[in-house]
Amino acid sequence: MHARSPLCRPRRPLCSGRGATVHAAPCDRRNAVGRPAKHPVQEFNGVRYYLKPEGYFKAHHRVGGEYLHRAVWKHAHGPIPDGFDVHHKDGNKADCGLDNLELQSKLEHGRMHGLERDKAELRALLEAARPLAAAANRALAGSEAAADRSRRGMLSRPMERLTCVQCRRPYEVRAGSVRRGFCGQACQQAARRASGVDNEGRVCEQCLVRFIVNKHSAKRFCGRRCAGIASRQRHRLQP
């Protein structure tokens, strides 16, 4: 004997309507020719319906490919009106008993299952995110602890008195700090400009003489004289 699927209810009447009660044949795992079936089978009105991976019982395409819950509803109540679907009340798609079925508009039915899918996707996303969030929190806690230890270690170092190589003024710094010999950023930038490491050659737009200037400067003329001449010419050409 093959084990019966817990989703099938072979002894329960599938429908009761029009003065008659129809029972499904016992659920087995044999197909129409007696070979082992891949999925549980229910027989209704002489048609075999197979349990599909999505949870519905469905007939073979050679006999119309109809779903069992739709066949049960039509047997009891007649054709399904346009714009309506047959809904499983308890959410079990394999439970096709008539008292578990109801008619809903396609809009309402789609909205209901859409919310269910959204909730399921959200639950799956949260389940996948939990271990990642826990790992991130552990890493963050570890980095914060390391930063705190480094900060406490820096504050525990003694102060040293040094002399700025640019302005020659004394300044104090923690022992082991890297300040490159300058008391501040202004002196460091002034020393870089004085070193000429960022200098480049340009051609004056007025006298066409080549001059040297810092590459970060917007200077276009070699001096004030050329800049004044260019400014007067520009004003003279204006209407």
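Attention here is on the structure that accompanies the text. (Residues numbered from 1 in each chain as written. Predicted model: local features only at pLDDT ≥ 70, side-chain atom pairs only at ≥ 80, totals over all residues. Heavy atoms only, no water.)

Before going further, it helps to spend a moment on the pairing of strand β7 (residues 84-88). Most of β7 is tucked away: four of the five residues are buried. Sheet topology places β7 next to strand β8 (residues 101-105); five bridges connect them, and they run antiparallel. Bridge pairing in β8 places Val-86 opposite Leu-103. (Buried < 20%, exposed > 50% of the residue type's maximum accessible area, 1.4 Å probe, protein only. Helix = DSSP H or I, 4+ residues; strand = E, 2+ residues; numbered from the N terminus. Pairing = 2+ DSSP bridges.)

This part takes up the nonpolar core. If you look at the biggest cluster of nonpolar residues, it comprises 16 residues, and the most contacted ones within it are Phe-44, Tyr-49, Phe-57, Leu-68, Val-72 and Trp-73. Within the residue set of this core, elements represented by two or more residues are β5 (47-51), β6 (57-59) and α1 (68-77). Here the element with the most residues in this core is α1; it accounts for five residues. Aside from chain neighbours lying at most four places away, what touches Tyr-49 is Pro-40, Val-41, Gln-42, Phe-44, Phe-57, Lys-58, Ala-59, Glu-66, Tyr-67, Leu-68 and Ala-71. (Core = buried A, V, L, I, M, F, W, Y, C linked by side-chain atoms within 4.5 Å. Contact = heavy atoms within 4.5 Å.)

Before going further, it helps to spend a moment on the packing of aromatic side chains. Under the defined criterion, the tally for this structure stands at one aromatic pair. Relative to Tyr-67, the ring of Tyr-56 has its centre 5.4 Å away and its plane inclined at 70°; by these criteria the two rings are edge-to-face. Taken as a pair, Tyr-56 in the loop between β5 and β6 and Tyr-67 in the loop between β6 and α1 lie far apart in primary sequence, 11 residues in all. We classify Tyr-56 as buried; its relative accessible area is 19%. By relative accessible area, Tyr-67 is classed as partly exposed at 24%. (Phe/Tyr/Trp six-rings, centres within 6.5 Å; stacked < 30°, edge-to-face > 60°.)

It is worth spelling out unusual backbone geometry at this point. Non-glycine residue Arg-168 carries a positive phi angle of around 65°. Note that Arg-168 resides in the loop between β9 (159-163) and β10 (170-174). For Arg-168, a relative accessible area of 58% puts it in the exposed group. Even without being a glycine, Leu-208 presents a positive backbone phi close to 60°. You can see Leu-208 is positioned in the loop between β11 (199-203) and β12 (210-214).

Glancing now at the pairing of β9. Sheet topology places β9 next to β10; five bridges connect them, and they run antiparallel. The partner of Thr-163 across the bridge, within β10, is Pro-170. The antiparallel pairing of β9 with β10 creates a hairpin that spans six residues between the two strands, and Arg-168 there sits at a positive phi of about 65°.

Turning next to helix α2 (residues 106-155). Taking 1.5 Å per residue, 50 residues should reach 74 Å; α2 reaches 69 Å between its end C-alpha atoms and fits that length. Of the residues making up α2, those classed as buried are His-109, His-113 and Gly-114. (Expected span 1.5 Å × (residues − 1).)

Together, Leu-122, Leu-125 and Leu-126 line one region of the surface with nonpolar side chains, adding up to about 290 Å² of accessible area. Topologically, Leu-125 is positioned in helix α2. (Patch = residues over 30% accessible without salt bridge, like charges linked within 9 Å, V, L, I, M, F, W, Y side chains within 5 Å. Areas by Shrake-Rupley, 256 points an atom, 1.4 Å probe, with all protein chains shown as cover. Salt bridge = Lys/Arg side-chain N within 4 Å of Asp/Glu carboxyl O.)

A few words now on the side chain of Asp-85. The residue Asp-85 is located in strand β7 in this model. Engagement of the side chain of Asp-85 in a polar contact is seen with the side chain of Lys-106, the distance being 2.9 Å. In this structure the side chain of Asp-85 is engaged in a polar contact, spanning 3.4 Å, whose partner is the side chain of His-109. (Polar contact = N/O pair within 3.5 Å; in protein donor to acceptor, adjacent residues only side chain to side chain.)

Before going further, it helps to examine the environment of Gly-196. Its location among the elements puts Gly-196 in the loop between α3 (185-195) and β11. Since its relative accessible area comes to 25%, Gly-196 is described here as partly exposed. Along the primary structure Gly-196 and Asn-214 are separated by 18 residues, whereas in three dimensions their C-alpha atoms are 7.4 Å apart.

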